[in-house]
Amino acid sequence: MVRGLERYEAINRGEAIAKFQIARRMEVEDFLEQDSDEGRLEKLWELHGQYKKEFSRLLKEEGNNPDFLDTPPGSPSFLQLKLALLKEMLKNCNFCERRCGVNRYEKTGFCKCGITSYYSSEFLHFGEEPELVPSHTIFFNRCTFACVFCQNFDIVYRNDGRVDPEELGRVIDVRFRQGSRNVNFVGGNPDQHAHTIMEILGNVESNVPVVWNSNMYHSIELHEVIEDIVDVWLGDFKYGNDECAKHYSNVRNYWKVVTRNFTLANRTGELLIRHLVMPGHIECCTAKIVEWIAENLGRKVRFNLMFQYYPTFKAYDYPEIARRLSGTEMRRAMEIASSKLTNLV
Ligand code: SF4
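Since the model is a prediction, treat every value here as computed from it, not as a measurement.

The next subject is helix H11 (residues 282-296). Taking 1.5 Å per residue as the helical rise, H11 with its 15 residues ought to reach 21 Å, and the 20 Å between its terminal C-alpha atoms agrees with that figure. Close packing links the buried residues of H11 with helix H9 (242-249), helix H10 (254-268), strand E7 (270-276), strand E8 (302-306) and helix H12 (327-340). Positive backbone phi, approximately 105°, marks Gly298, located one or two places after H11.

Okay, here's the thing in structure tokens:
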């Protein structure tokens, strides 16, 4: 059993229920009647807030009762209410803390996403952390960051296959029958596709845990909506300060946003934190991140210290990161992590 991922593993054993399957079965009052745009967002937020309490109660009472899966889907369901809310939020997009405020039905913001989502591939991934494999990984296009060293730039900066939520829902069921232990939404990044993912999950029958593989830069509003469907937050913790984040990923307020989101995620879900060690950034990033995690999330949090950084994409324009890690840097990073954290992958 992996410490910190006990509920996830209980879902794998069929002894607990994936959160979205509870949200999918929870019936809510008919909000679809409210056609007019006026006040719709506020009304949906209000309803969502009321039903969140009911959801927490259901999760507590029925979350470990596999018989609850016999309950038919709600009509409309809490999951559909979340989808309606996200679709409304898209009119003034604040899915991530860039808060572009664009109407994504008409144009795109920083991430270059409208309302249609695209993905490059889906498959059973055997290269993730041992407790996740085989992981049904779905690689969405586009990202809310602009990392100069992006290891997935071939996925991020284009639109490949258009997502059909119904079809992808069925594919998730097929992969589950083939042995997937989870469905892993990644990219790029999943946050800007939250509405599409909510719609996909509405079409999934399997009791499969949801892994949200994110840069953790989503807005507090988006967190409020998606926390009830995420079982495991597979969060990237990239930088130990705002300067490095701005320099390499063109992002502001990184530290405040990401530490807030990890703190919130730790309250309602299970965590697996990844940190890609970067050359020359051991003391300013690795050490600061490890220290913060140990003090704020606890020494036992599941933590993957990753050494596979290699210069790619635009990294050669930044001479200080245009190389692989040295042996000394790897040893130092490992020494820092193992001195403060006790649950390393
Ligand atoms: S998801 Fe973020 S980057 Fe994309 S449009 Fe919305 S606020 Fe902007």
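Having seen the model, we can carry on.
Counting 99 residues, the largest nonpolar core has Phe149, Tyr239 and Ile293 as the members making the most contacts within it. Those residues within four positions of Ile293 in sequence are excluded, and the remaining contacts are Phe237, Ile273, Gly298, Val301, Phe303 and Leu341. Core analysis: the next-biggest nonpolar cluster, separate from the first, contains 8 residues, Leu5, Leu132, Val232 and Leu272 among them.

Reading across from one edge, E3-E1-E2-E4-E5-E6-E7-E8 is the order of the 8 strands in this open sheet, with mixed pairing throughout. Unpaired on one side and paired on the other, strand E3 (161-162) and E8 mark the two borders of the sheet. Pairing analysis gives 5 bridges linking strand E6 (residues 232-236) to E7, with the strands arranged parallel. When the sheet's bridge partners are listed, Leu234 is paired in E7 with Leu272.

This part is about the side chain of Ser180. Of note, Ser180 is situated in the loop between helix H6 (165-177) and strand E4 (182-186). Classification of Ser180 by relative accessible area gives buried; the value is 6%. Reaching out from Ser180, the side chain makes a polar contact with the backbone nitrogen of Phe176 at a distance of 3.5 Å. Apart from the residues lying within four places of it in its own chain, the contact partners of Ser180 are Leu124, Pro134, His136, Arg175 and Val208.

This next bit is on the packing of helix H4 (residues 78-89) against helix H7 (residues 194-201). The geometry of H4 relative to H7 is characterised by a closest axis approach of 9 Å and an angle of 155° between their N-to-C directions. Regarding the angle of H4 to H7, the classification is roughly antiparallel. As for the relative orientation of H4 and H7, their crossing is left-handed in sense. Residues Leu79, Lys82, Leu83, Leu86 and Lys87 of H4 pack against Ala194, His195, Met198, Glu199 and Leu201 of H7.

This next bit is on the side chain of Thr196. By the element assignment, Thr196 lies in helix H7. A polar contact is formed between the side chain of Thr196 and the side chain of Ser117, at a distance of 2.6 Å. Here Thr196 is in contact with Ile115, Ser117 and Val163, once residues within four sequence places are set aside.

Rules behind the numbers
Residues numbered from 1 in each chain as written. Predicted model: local features only at pLDDT ≥ 70, side-chain atom pairs only at ≥ 80, totals over all residues. Heavy atoms only, no water. Helix = DSSP H or I, 4+ residues; strand = E, 2+ residues; numbered from the N terminus. Expected span 1.5 Å × (residues − 1). Contact = heavy atoms within 4.5 Å. Core = buried A, V, L, I, M, F, W, Y, C linked by side-chain atoms within 4.5 Å. Buried < 20%, exposed > 50% of the residue type's maximum accessible area, 1.4 Å probe, protein only. Pairing = 2+ DSSP bridges. Polar contact = N/O pair within 3.5 Å; in protein donor to acceptor, adjacent residues only side chain to side chain. Axes fitted to C-alpha atoms, helices over the stretch in contact; angles between N-to-C directions. Parallel < 35°, antiparallel > 145°, perpendicular 65-115°, else oblique. Left-handed = near helix turned anticlockwise from the far one by under 90°.

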